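# Chain and residue survey
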Amino acid sequence: MTTDLTPEKKAEIARGFTEAIPHCRALGMTLVDIGEGEATITMPYDERFVGDPRTGVIHGGAVSALMDTCCGAAVMSHPDAPAITATIDLRIDYMRPATPGQRITAKATCYNVTRSVAFVRAVALDEDENRPVATATGAFTADGDPRRKSNEALS
């Protein structure tokens with residue numbers, strides 16, 4: 001599916017969408033870079049999101065939200081995907097705990113878009129950028145209407 005939107009307009013839509021999501025604001029996410037099917041989003045360290053008070057490690061749910069949001073933004077900016085999307089499936093593999101006190105950065109690439117599904121890979125890194133905190137692979141809607149009812153095909 002090809003859209004009539006320019007890459008710049010798609011990036012603008014993705015940026016506005018990401019900045020408008022309440023959980024993105026609550027987690028302090030910042031869209032650093034976006035375009036042509038790639039996105040980078042950072043999230044600062046915040047003690048409110050610590051999952052284990054003994055270690056100070058950020059909860060995996062916050063990392064998951066960061067990666068999901070980054071993957072969606074990458075899809076939204078892809079030249080062959082619609083400017084809206086929804087997560088179909090997201091697998092996250094946690095490699096190690098994020099270092100307490102360090103920001104986490106997610107980088108996502110939408111590497112394939114079919115008529116109805118966009119496929120994405122992502123990595124989350126803390127400030128030790130040589131060792132991933134987590135990796136993700138995902139599938140996102142690419143049919144232009146993430147609200148489509150699954151039973152429409154049965155009618």
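The preceding data block contains the structure.
Read on for an overview of the structure. (Residues numbered from 1 in each chain as written. Predicted model: local features only at pLDDT ≥ 70, side-chain atom pairs only at ≥ 80, totals over all residues. Heavy atoms only, no water.)

## Things to note about the overall build of the protein chain
Put simply, the test is: In this text, helices come from DSSP runs of H or I with a minimum length of four residues, and strands from runs of E with a minimum of two, each type numbered from the N-terminal end. For the radius of gyration, the atom set is restricted to C-alpha positions; the globular benchmark scales as 2.2 Å times the number of residues to the power 0.38. Burial classification: accessible surface area is computed with a 1.4 Å probe over protein chains only, and a residue below 20% of its type maximum counts as buried, one above 50% as exposed, and the rest as partly exposed. Throughout, a residue-residue contact means that at least one pair of heavy atoms, one from each residue, lies within 4.5 Å. All accessible-area figures derive from a Shrake-Rupley calculation using a 1.4 Å probe, and residue coverage is judged against the displayed protein chains alone. We score Asp and Glu as negative and Lys and Arg as positive, and we do not count His or the chain ends. A charge is said to be at NZ when it belongs to Lys, at CZ for Arg, at CG for Asp and at CD for Glu.
Secondary structure assignment for the protein chain yields 3 helices and 8 strands. From first element to last, N terminus to C terminus, the protein chain shows the α and β order α-α-β-β-β-β-α-β-β-β-β. Rg of the C-alpha trace for the protein chain: 16 Å, near the compact-globule value of 15 Å for 155 residues, within the 12% margin. The principal-axis extent of the C-alpha atoms belonging to the protein chain is close to 55 × 35 × 30 Å. Here the protein chain holds 155 residues, and 43% of them are scored as buried. Summarising the internal contacts of the protein chain: among those between residues at least 6 apart in sequence, 62% fall at separations of at least 24. For the protein chain, the accessible area works out to roughly 8,400 Å², and carbon and sulfur atoms hold 50% of it. When the 16 basic and 21 acidic side-chain charges of the protein chain are each reduced to a single mean position, those positions are 3 Å apart.

## Thoughts on the sheet that holds strand 5 (residues 87-94)
For clarity, the threshold we go by: Should DSSP find at least two bridges between two strands, the strands are taken to pair. Only the stretch in contact is used when a helix axis is fitted, and all axes are lines through C-alpha atoms; the angle between N-to-C directions ranges over 0 to 180 degrees.
The antiparallel open sheet is built from 6 strands, whose spatial order is 1-2-6-7-8-5. On the outer flanks of this sheet lie strand 1 (30-35) and strand 5, each paired with one strand and no other. Each strand of the sheet is rotated relative to its neighbour by a mean of 15°, with strand direction disregarded. Relative to strand 7 (residues 117-125), strand 6 (residues 104-113) runs antiparallel, the two sharing 8 bridges. The residue bridging Thr109 from the neighbouring strand is Arg121, located in strand 7.

## Let's talk about helix 3 (residues 60-77)
For clarity, the cut-off: Multiplying one less than the number of residues by 1.5 Å gives the expected span of a helix.
Between the first and last C-alpha of helix 3 there are 26 Å, a value that for 18 residues agrees with the 26 Å anticipated at 1.5 Å per step. Burial runs high along helix 3: 14 of the 18 residues are buried.

## Some remarks on the environment of Thr30
Topologically, Thr30 is positioned in strand 1. Judged by relative accessible area, Thr30 falls into the partly exposed class, the value being 42%. Separated by 15 residues in sequence, Thr30 and Arg15 place their C-alpha atoms 9.3 Å apart. Excluding residues that lie within four positions of it along the chain, Thr30 makes contacts with Thr40, Ile41 and Thr42.

## Concerning the environment of Lys9
Secondary-structure assignment places Lys9 in helix 1 (residues 7-20). Accessibility expressed as a relative area gives 35% for Lys9, which makes it partly exposed.

## A closer look at a negative patch on the surface
So the rule is basically this: Within this analysis, patches are made of residues with over 30% relative accessible area and no salt bridge. Like charges are joined at 9 Å or less; nonpolar side chains (Val, Leu, Ile, Met, Phe, Trp, Tyr) at 5 Å or less. Note on definitions: salt bridges are taken to be side-chain nitrogens of Lys or Arg within 4 Å of carboxyl oxygens of Asp or Glu.
The grouping of Glu8, Asp33, Glu36 and Glu38 at the surface amounts to a negative patch. Relative to the assigned elements, Asp33 resides in strand 1.

## Some points on the pattern of salt bridges
Scanning the model with the defined rule gives 7 salt bridges in all. The residue Asp46 makes a salt bridge to Arg48 at a minimum N-O spacing of 2.8 Å. Across the pair Glu127 and Arg103 runs a salt bridge, and its minimum N-O distance is 3.6 Å. Here the residue Glu127 occupies a position in the loop between strand 7 and strand 8 (132-141), and Arg103 occupies one in the loop between strand 5 and strand 6, the gap between them amounting to 24 residues.

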